[in-house]
Amino acid sequence: MNTENNTNNKKIALKIEKLNKTLGKRHILHDIDIEAYEETLDLINTNFEHLDRSLYIRQQLGFILNRLGKPFEAIDILPLFKIIYFADREHYAVFGRRIISDTFCALKNGPVPSFLYDAIKVLSGGYTNSDLQIISNSLQIPDKEFSYIISALEMPDLDELSISDIEMLNKSISENGSLPIHTLSKKSHDLAWQEAWNRAQNSPIEPILMARAAGASEATIEYIRENELFDKTVEA
């Protein structure tokens, strides 16, 4: 346990050092929200476990499901996936940080978050493990004949979501929550989805292309590339 904690502490220290160096780059500074950087630092400093993707996705999912309609109302997963995609894409383009730690794949009707989809499939008897159950335990399928209609079993803990996460999730819900499914599907067929689809159906979508599709500046793209390279170095 001590070895694991020491490793995490080193990663945190390196991440903070990297972010601080980035803050000193004036050509990036004017395009990246400083408060978002400081918010990321706070998340890292206060509790490294907040970065656990299953717990974080669980809160994001609860937030969207309870905001789309009345609390605990059943929702179709296709518009749910698109709302998450547009929020994640725009947050990445604006702040250089993704909302959801998941891999979107290019399916016929648009991007689908693969890990979240697997968690939802647990509800209808799909493969499961402890990580997937963290998410699936917060959901239900009200009518087993319609496995693509789900509802939340709990309200989200807003303290687990950052201010910028909530801002972009609300924005995506406002812009996309009432759109017809076919419109959402067509809208999600952006350059990131198209590149993955052209490679092969169901291929993973490149995150950096998601940022470009949302209009990320070159300064933000540079920051994203540097951060990706840094993360690979830390993990090596």
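Only a predicted model underlies this, so the values are computations on that prediction, with no experimental measurement involved.

### So, the overall build of the protein
Summing up its helical and strand segments, the protein has 12 helices and 5 strands in all. By sequence separation, contacts in the protein at least 24 residues apart represent 67% of the contacts at least 6 residues apart.

### Points about the pattern of salt bridges
A side chain of one charge can pair with a side chain of the opposite charge if their charged atoms are brought near each other. Inspection of the entire model under this criterion finds 9 salt bridges. Across the pair Glu154 and Arg58 runs a salt bridge whose closest N-O atoms are separated by 2.7 Å. In this pair, Glu154 is assigned in the loop between β5 (149-152) and α8 (163-176) and Arg58 in helix α4 (residues 53-68), connecting sequence segments 96 residues apart. The partner of Asp118 in a salt bridge is Lys121, and the shortest N-O contact between them spans 3.3 Å. Of this pair, Asp118 and Lys121 both sit in helix α6 (residues 114-121), 3 residues apart, which is roughly one turn of that helix. Owing to a relative accessible area of 33%, Asp118 belongs among the partly exposed residues under this scheme.

### Some points on the packing of α4 against α8
At a closest axis distance of 11 Å, the pairing of α4 and α8 adopts a crossing angle of 40°. Between α4 and α8, the interaxial angle falls into the category oblique. Seen along the crossing, α4 lies across α8 with a hand that is right-handed. Residues Tyr56, Gln60, Phe63, Ile64, Arg67 and Leu68 of α4 form the contact with α8, whose participating residues are Asp165, Ile166, Leu169, Asn170 and Ile173. For the contact of α4 with α8, the class distribution of residues is 7 nonpolar, 2 polar and 2 charged.

### Some words on α6
Looking at α6, one finds that the buried residues are Phe115, Leu116, Ala119 and Ile120. Axial view of α6: buried residues confined to an arc of 140°, hence all on one face.

### Structural notes on the packing of aromatic side chains
All chains considered together, the criterion is met by 5 aromatic pairs. Chaining the aromatic ring pairs together yields one cluster made of Tyr85, Phe86 and Phe104. Above the ring of Tyr117, the side-chain terminus of Lys121 is found at 4.6 Å from the ring centroid. Over the ring of Phe86 we find Lys187; its NZ or CZ atom is 4.8 Å from the centre of that ring.

### Overview of the environment of Lys144
Position of Lys144 relative to the elements: it lies in the loop between β4 (139-140) and β5. Between the C-alpha atoms of Lys144 and Leu123, which are 21 residues apart in sequence, the distance is 9.2 Å.

Rules used throughout
- Residues numbered from 1 in each chain as written.
- Predicted model: local features only at pLDDT ≥ 70, side-chain atom pairs only at ≥ 80, totals over all residues.
- Heavy atoms only, no water.
- Helix = DSSP H or I, 4+ residues; strand = E, 2+ residues; numbered from the N terminus.
- Contact = heavy atoms within 4.5 Å.
- Salt bridge = Lys/Arg side-chain N within 4 Å of Asp/Glu carboxyl O.
- Buried < 20%, exposed > 50% of the residue type's maximum accessible area, 1.4 Å probe, protein only.
- Axes fitted to C-alpha atoms, helices over the stretch in contact; angles between N-to-C directions.
- Parallel < 35°, antiparallel > 145°, perpendicular 65-115°, else oblique.
- Left-handed = near helix turned anticlockwise from the far one by under 90°.
- Nonpolar A, V, L, I, M, F, W, Y, C, P; charged D, E, K, R; others polar.
- Arc of directions from axis to C-beta.
- Phe/Tyr/Trp six-rings, centres within 6.5 Å; stacked < 30°, edge-to-face > 60°.
- Lys NZ or Arg CZ within 6 Å of the ring centre and 35° of its normal.

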